[in-house]
Structures are given as C-alpha cells and as structure tokens.
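# Fold and geometry: a report
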Amino acid sequence: MAVSVSFPSATPKFALPLLFSGQAQKEFFLNHSFSVVDALLQISVMDSISTPPLVSSEGECYRVTSPADGEWTGHEDEIAVFISGAWTYVAPSQGMTVYDRNIGASIHYDSSWQTAIEPGLPTGGTTVDAEARLALEELILALKTIGILANPS
C-alpha cells in the first residue's frame, strides 16, 4: 500500500507543492504539481464512490462519497487522484464543477456536491399547448446532452 505524500509548503487553493530555495529533489515536487494540475484541468472523475477501486491507472480521478472506506477514510467529498502509486486528495473549492463519467453529468460544489435535477414534463391542464411541451422536452434533452442533467441508466 502506497502512502500519500504531504508537502511543507503548498498553494492555497489546491495544495500544490511549492519549491523552496536550496531544495533537494525539486523534480519530485514539480512533477507532483504537474500531475495534480493535469488531473484537475477540465476535470472528470471516473465515478463517485466511497471505496477505492482494487486496480487504478495513473491519473484516474474519483469523487469520494460518504461514508469513505479503506484508504479514502476521512476524505469524503474530496477528489482522489491516483499519482505514482498513491492517492492524492484534493479538497473541492466553492464553485468547482466536475464531470462524472459514470452518470454522464456535471456535479457542482456549493458547500456540498449537487447535481441538477431533471424537471418533470408538463402534463394535464385544461389547455394543451403542444409547442410549449415540445420546447420543454427539447430543452431537457439539450441539458442532458451537455451533461447538466444526468442521463438515466
């Protein structure tokens, strides 16, 4: 089992390791920062799960759900990134948006992770307006297509 690395000095938003004067093994710090930036740039996660997968590939990202288990214990709501054989955890920042590949939709962080809820299609009423209903159906389809609303499995 690999151990996650912590750094003595880091950036405030994503805790990227910073270099300092006279530092040995600067390439380790710099390469780790590049790996985290690579994972978070246009971020998508494989899935939102509570337990680490048995096998992971370099750079894979997951959103850790509650209750976290195994190596992810205590990292609920964070993004787990597999880098150099170990999990690196990135705490979400207010306004962060992540694309979840498993559900095919974007998830937004605003004090907690949230997905857009699909509105119900209009039914009933005394006057049926076919054009308005069609427009709403097309709008919902468009929101699903761009990943704002999840596509049901």
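Coordinates for the structure precede this section.
Overview of the structure. (Residues numbered from 1 in each chain as written. Predicted model: local features only at pLDDT ≥ 70, side-chain atom pairs only at ≥ 80, totals over all residues. Heavy atoms only, no water.)

## What to know about the side chain of Thr65
One can find Thr65 in the loop between strand S3 (61–64) and strand S4 (79–83). Side-chain polar atoms of Thr65 contact the backbone nitrogen of Ser50, separated by 3.1 Å. Filtering out sequence-adjacent residues up to four positions away, Thr65 remains in contact with Ser48, Ile49, Ser50 and Glu76. (Helix = DSSP H or I, 4+ residues; strand = E, 2+ residues; numbered from the N terminus. Polar contact = N/O pair within 3.5 Å; in protein donor to acceptor, adjacent residues only side chain to side chain. Contact = heavy atoms within 4.5 Å.)

## What about the sheet that holds S3?
Spatially, the 4 strands line up as an open sheet ordered S2-S3-S4-S5, and their pairing is mixed. Two strands lie at the open edges of the sheet, namely strand S2 (48–49) and strand S5 (86–90), each paired on one side alone. Pairing between S3 and S4: 3 bridges, direction antiparallel. Bridge assignment links Tyr62 to a residue of S4, and that residue is Ala80. (Pairing = 2+ DSSP bridges.)

## So, the environment of Arg101
Among the secondary structure elements, Arg101 is positioned in the loop between strand S6 (97–100) and strand S7 (105–109). For Arg101 and Met46, which are 55 residues apart along the polypeptide, the C-alpha to C-alpha distance reads 5.3 Å. Aside from chain neighbours lying at most four places away, what touches Arg101 is Ser44, Val45 and Met46. Here the side chain of Arg101 touches Ser44 through a polar contact of 3.0 Å, side chain to side chain.

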